[in-house]
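Report on the structure
Listed below, chain by chain, are the residues.
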Amino acid sequence: MKQIISIVLFILIEAASSANNQVKSQDDALTFFNKYGYNPCFNSTVQCSISFSSMIKEYQTKFRLKQTGSLDEATKKQMSRSRCGNHDKGKSELRIMAQLSTKWSRSSLTYSIRSYPTQISESSTDDIIRDAFKAWTDHIPLKIEPACSNCKANFVLEFAEGDHRDNYTFDGFGGTLAHAFFPENGGVHFDTAEPWTERSV
Ligand SMILES: [Zn+2]
């Protein structure tokens, strides 16, 4: 399960859109829907049926596209953009999160950066991540500060590639940019295969 904090981090560290992970066919779109939570029948253990067009319509509604129910050019273009690795079913995930009471048990938290991107200096990355957390803490009743060296942090940020031992293998250049986990896991992972920059592109 993942957390939304990565969205803020994306605002401050962004990657260019890519030529990979393009959605060109119905098979590509179905893979996308399975991956991002639009197909309730994917991995279902009970008999299940859903039409492709209804998944397309749900996606088009979410991204305010014209609801054609078909894989038109505007829909393919939107689906081909680089994005967060979390499911789009935010409300249902939040409901699950509430049911599990997955929240931090304390209001003073720390973070550490275990590994860095190759395109941005460590000091710049430190500044960007600090600003990203500040963007949250300016509006929520949490204090989030860098952990002291050799201290165990609540949030552990990593830039990793491919299989990084959490069952959420990164997909290389394009597609998924990053993912994060609910409290009190605190893992925040970024795909090093992305062209990270210090500014929006
Ligand atoms: Zn990961």
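Residues numbered from 1 in each chain as written. Predicted model: local features only at pLDDT ≥ 70, side-chain atom pairs only at ≥ 80, totals over all residues. Heavy atoms only, no water.

Here we take up the packing of aromatic side chains. Per the stated rule, a full pass over the model turns up 15 aromatic pairs. Arranged with centres 4.6 Å apart and planes meeting at 35 degrees, the rings of Tyr59 and Phe63 form a pair that is tilted. For Phe63, a relative accessible area of 28% gives the class partly exposed. Put simply, the rings of Phe32, Phe33, Tyr36, Tyr38, Phe52, Tyr59 and Phe63 touch in pairs and so form one group of aromatic residues. Note that Arg83 overlies the ring of Tyr36, its terminal NZ or CZ placed 3.5 Å from the centroid. (Phe/Tyr/Trp six-rings, centres within 6.5 Å; stacked < 30°, edge-to-face > 60°. Buried < 20%, exposed > 50% of the residue type's maximum accessible area, 1.4 Å probe, protein only. Lys NZ or Arg CZ within 6 Å of the ring centre and 35° of its normal.)

Before going further, it helps to examine the pattern of salt bridges. Applying the stated criterion to the full structure yields six salt bridges. Residue Asp171 is joined to Lys35 by a salt bridge in which the shortest nitrogen-to-oxygen separation is 3.0 Å. Of this pair, Asp171 sits in the loop between strand S4 (155–160) and strand S5 (178–180) while Lys35 sits in helix H2 (residues 26–36), and the two are 136 residues apart along the sequence. Judged by relative accessible area, Asp171 falls into the partly exposed class, the value being 24%. Between Arg130 and Asp131 there is a salt bridge; the shortest N-O distance is 3.3 Å. (Salt bridge = Lys/Arg side-chain N within 4 Å of Asp/Glu carboxyl O. Helix = DSSP H or I, 4+ residues; strand = E, 2+ residues; numbered from the N terminus.)

The subject of this paragraph is the side chain of Asp166. Relative to the helices and strands, Asp166 resides in the loop between S4 and S5. Of note is the side chain of Asp166, whose polar atom sits 2.9 Å from the side chain of His189. Among all residues touching Asp166, those that are not within four sequence positions of it are His179, Phe181 and His189. (Polar contact = N/O pair within 3.5 Å; in protein donor to acceptor, adjacent residues only side chain to side chain. Contact = heavy atoms within 4.5 Å.)

Moving on: the side chain of Asn34. In this fold, Asn34 is placed in helix H2. Filtering out sequence-adjacent residues up to four positions away, Asn34 remains in contact with Asn39 and Phe42.

Our focus in this paragraph is the nonpolar core. In this structure, Tyr111, Phe133, Phe155, Leu157 and Phe190 are the most contacted members of the largest nonpolar core, which totals 18 residues. The set of elements that each furnish at least two residues to this core consists of strand S2 (108–113), helix H6 (122–137), S4, S5 and strand S6 (187–191). Counting 13 residues, the second-largest nonpolar core is a separate cluster that includes Ala29, Phe32, Tyr38 and Tyr59. (Core = buried A, V, L, I, M, F, W, Y, C linked by side-chain atoms within 4.5 Å.)

A negative phi holds for most residues other than glycine; trans holds for most peptide bonds. A cis amide bond links Pro183 to the next residue, Glu184, at an omega of 0 degrees. Among the secondary structure elements, Glu184 is positioned in the loop between S5 and S6. Backbone geometry at Arg64 places phi at a positive 55 degrees, although glycine is not the residue there. With respect to the helices and strands, the residue Arg64 is situated in the loop between helix H3 (52–62) and helix H4 (73–79). Taking the relative accessible area as the measure of exposure, Arg64 reaches 79% and is therefore exposed. Its identity as a non-glycine residue notwithstanding, Arg165 has a phi of 65 degrees, on the positive side. If you trace the backbone, Arg165 turns up in the loop between S4 and S5.

To continue, consider the UniProt feature "binding site: Zn(2+) 1" (unreviewed entry) in the protein. Per the UniProt record, the feature "binding site: Zn(2+) 1" (unreviewed entry) sits at His164, Asp166, His179 and His189. Across 26 residues of sequence, these annotated residues stay compact in space, with a maximum C-alpha separation of 12.0 Å. Taking relative accessible area as the criterion, Asp166 reaches 14% and is therefore assigned buried. You can see His189 is positioned in strand S6. In this structure, His189 is in contact with Glu158, His164, Asp166, Phe170, Ala178, His179 and Phe181, ignoring residues within four places of it in sequence. One polar contact links His189 to His164, side chain to side chain, over a distance of 3.3 Å. (UniProt positions renumbered as here; feature names shortened; annotations may be inferred.)

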